[in-house]
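Here is how the chains run, residue by residue.
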Amino acid sequence: MEVGTTHSKTNSEECLQLLLFVDGRPSSREQVQQICEYLEVLKSEDRFDLQIIDVGEQPYLAEHFKLVATPALVKIHPSPRHILAGTDIVKQLNEFWLRWQQSLEQYQTQQPFEAKGSVKNYRSVADLNYIAELIRLSDEVFRLKQEKEQLQQQVSFKDRIIEILAHDLRSPLTAASLALETLENSQIAGAPNSKKFTPALKSRLIKQARTQIRQIDRMITNILKAATGQSSRLQLQPLQLSLLAFFQEILPEFDDQLQAKSLELKTDLPTDTPYVYADRERIRQVIVNLLDNAIKYTPEGGTIWVSVLHRTTQKIQVSICDSGPGIPEENRDRIFQDHFRLERDESLDGYGIGLSLCQRIIHAHYGQIWVSSTSSMGGSCFHFTLPVYDIYPTF
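Residues numbered from 1 in each chain as written. Predicted model: local features only at pLDDT ≥ 70, side-chain atom pairs only at ≥ 80, totals over all residues. Heavy atoms only, no water.

- Looking at an unreviewed UniProt entry, one finds the protein chain named Adaptive-response sensory-kinase SasA and attributed to Limnospira platensis NIES-46.
- On record in UniProt, under Catalytic activity (unreviewed entry), the comment for the protein chain is "ATP + protein L-histidine = ADP + protein N-phospho-L-histidine."
- The record held by UniProt for the protein chain lists under Subunit (unreviewed entry) the comment "Homooligomerizes. Interacts with KaiC. Participates in the KaiABC clock complex, whose core is composed of a KaiC homohexamer, 6 KaiB and up to 6 KaiA dimers. SasA and KaiB(fs) compete to bind to KaiC." (UniProt positions renumbered as here; feature names shortened; annotations may be inferred.)

Written out as structure tokens, the structure reads:
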């Protein structure tokens, strides 16, 4: 369908140029008919060209003229452009028609030497189609730019997922590898300390390796789901959990790392701490990540503190502190952002990869995570909260 229908027997430069924008609504048909009938009466005395445009078929033209309602009558020649809209277009047309005719006469007087057809002011249907196509192409370019940005974000997200996976797999892989190597050494005839490898010890080593491998499998599964968009939120399997027993299970896994740097580990784990209701493996990820960072950034001979505090009747607070260099106050919120690195750590592995995942895990448990500075040693103190078991919300 063409942009509009022209009603004129005159040269377009010698008359008013009008556009009537209409739509297919039954409620507007009567008003459109009244406008056309009134213009038909005016045509007997005055010269004008009228093009009727269906906004359903030419939405870009309506956008170009910034129309917010239809029907609307637009005078496009001579300039300046004038738009009539609303429920009383016929009344407005009656009021402005004489002014429009006067503006046409003034235009013709001011352009006595201009060649006919030289003024580019929407003279034809082709002009309007050209404008509409330009607008459509502009919108298409904008849409393609948005798609490009979305694809770039997806690629960046997948890169981040790989980094997070590599970072968080390191600890369980190391633990499983050590357990299996120890078991392998126990099978060598005449190996030193072979008598110490009792059936009970071998059973514990097998259990530890199996636990770490299950954790690795689950981490990979969940991260791949996130990478493919199958899960907008972490999938949790919450159970009643004793933090005291949990720490007694986790902390021995760091003995070798602590001894390698001659670090002292201090704990404050009250025996009367209430149970929490949490995903065991997810909270293990958080604790292991924070302990890894504490060991990494604490200088040799330093100290690490682990404490649990029954903060309120509804919340349990876990704190992991170190005597390392600390984190500047202005960066304490930003370190939980994806890929944020302190300037001093640009060449190191550590803060900035796993912390964003820690925050997601704690938030998924309806808790909070933050960092402060230790008052005595000047290091960092990471805290997170978990709800007490008996008030925990439904996942």
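That covers the picture; the talk isn't over yet.
1. A word on helix 9 (residues 354–364)
Phase 1 of the analysis: Among the 11 residues that make up helix 9, eight are buried, leaving the element largely enclosed by the rest of the structure.
Phase 2 of the analysis: Regarding helix 9, the residues found buried are G354, L355, S356, L357, C358, I361, I362 and A364. (Buried < 20%, exposed > 50% of the residue type's maximum accessible area, 1.4 Å probe, protein only. Helix = DSSP H or I, 4+ residues; strand = E, 2+ residues; numbered from the N terminus.)

2. Let's talk about the sheet that holds strand 3 (residues 72–77)
Phase 1 of the analysis: Spatially, 2-1-3-4 is the arrangement adopted by the four strands of the open sheet, whose pairing is mixed. Bordering the open sheet on either side are strand 2 (48–54) and strand 4 (82–85), each of which pairs with just one other strand. Across the sheet, the mean angle separating the axes of adjacent strands is 20 degrees when strand polarity is ignored.
Phase 2 of the analysis: In the sheet, strand 1 (residues 16–22) pairs with strand 2 via seven bridges, with the strands oriented parallel. Counterpart to V22 in the pairing with strand 2 is D54.
Phase 3 of the analysis: Contacting strand 1, strand 2, strand 3 and strand 4, helix 3 (residues 89–110) crosses the sheet at an angle of about 165 degrees to strand 4. (Pairing = 2+ DSSP bridges. Axes fitted to C-alpha atoms, helices over the stretch in contact; angles between N-to-C directions. Contact = heavy atoms within 4.5 Å.)

3. Side note on the pairing of strand 9 (residues 315–322)
For a regular strand, side chains alternate in direction, first toward one face of the sheet and then toward the other.
Phase 1 of the analysis: For strand 9, a buried count of seven out of eight residues is recorded, marking the element as mostly surrounded by other parts of the structure.
Phase 2 of the analysis: As defined by bridge partners, strand 8 (residues 303–309) adjoins strand 9 across six bridges and the pair is classed as antiparallel. Residue pairing for strand 9: I304 is matched across the bridge by D322.
Phase 3 of the analysis: Where strand 8 hands over to strand 9, the hairpin turn is made up of five residues, counted between the paired strands.
Phase 4 of the analysis: As paired elements, strand 9 and strand 11 (residues 380–387) share seven bridges and run antiparallel to each other. Opposite S319, over in strand 11, you have H383 as the bridge partner.

4. Some words on the pattern of salt bridges
Phase 1 of the analysis: Under the counting rule described, the total for this entry stands at eight salt bridges.
Phase 2 of the analysis: K43 serves as the salt-bridge partner of E40, at 3.4 Å between the closest nitrogen and oxygen. In this pair, E40 and K43 are both assigned in helix 1 (residues 26–43), three residues apart and thus about one turn of the helix distant.
Phase 3 of the analysis: Judged by its relative accessible area of 46%, E40 falls in the partly exposed class.
Phase 4 of the analysis: A network of salt bridges, in which partner residues are shared, links E249, E253, R280, E281 and R284. (Salt bridge = Lys/Arg side-chain N within 4 Å of Asp/Glu carboxyl O.)

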